[in-house]
Amino acid sequence: MCARSREAGFTLIEVLVALAIIAVAMSAAVRVAGLMTQSSGVLRDRSVAMIAAQSRMAELRLEGRLPMGMKGQECDQGRLLLRCEQLISAAENGRLLKIGIQVFDRNQDAPPLARLETLMSRTESLRPNPPETLGHSEVNAVMNRRLGY
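Residues numbered from 1 in each chain as written. Predicted model: local features only at pLDDT ≥ 70, side-chain atom pairs only at ≥ 80, totals over all residues. Heavy atoms only, no water.

## Notes on the pattern of salt bridges
Selection rule: Put simply, a salt bridge is a Lys or Arg side-chain nitrogen that is within 4 Å of an Asp or Glu carboxyl oxygen. Helix and strand definitions here come from DSSP, where helices need a minimum of 4 consecutive H or I residues and strands a minimum of 2 consecutive E residues; each element is numbered from the N-terminal end. Think of it in three bands: residues with accessible area under 20% of the maximum for their type are buried, residues over 50% are exposed, and the middle band is partly exposed, with areas taken using a 1.4 Å probe on protein chains only.
This structure, assessed with the given rule, holds seven salt bridges. In this structure, the salt-bridge partner of R106 is E74, at a minimum N-O distance of 2.9 Å. Within this pair, whereas R106 is found in the loop between β3 (96-105) and β4 (114-121), its partner E74 is found in strand β1 (residues 69-74), the two being separated by 32 residues in sequence. On the basis of relative accessible area, R106 is assigned to the partly exposed category, the value being 31%. Overall, the relative accessible area of 54% leaves E74 in the exposed class.

Take a look at the structure:
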């Protein structure tokens, strides 16, 4: 009965080595999952910041008058506290305006989350109020001038 084979099971050393390998693999998997979660949050914040930049650009187009220079303002989007900085300058040819908007996280001193640039004609930025905000007689006057009457 004492002649049992040593091949019947695992030694304590083999079990400990297997557990160590499994622990390393599991810690790597947990780290990857954490990085993916963090990356997803950053992408969400960047997407929301781009929406804020596009909204600010639309506001500038609707305002009509575009003052040259730099201006900063808060442009929060839900729980995300953002700061929009706009820079309006003359383009190289002089007939266009270069408009740049950068969106920053107000809670961090970090590079911008979103950046948006466009060119706009000076005549577009100096146009009168849109016809829907004018009275009926004013709309007729504007249309007559455009049609050459």
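## Comments concerning the nonpolar core
Convention followed: Residues grouped as a nonpolar core are buried Ala, Val, Leu, Ile, Met, Phe, Trp, Tyr and Cys residues, joined through side-chain atoms within 4.5 Å.
With 18 residues, the main nonpolar core has A49, L66, C75, L82, I99, I101 and V103 as its most contacted residues. Counting only elements with at least two residues in this core, the list comes to α1 (12-63), β2 (82-90), β3 and β4.

In short, geometric facts, not functional conclusions.
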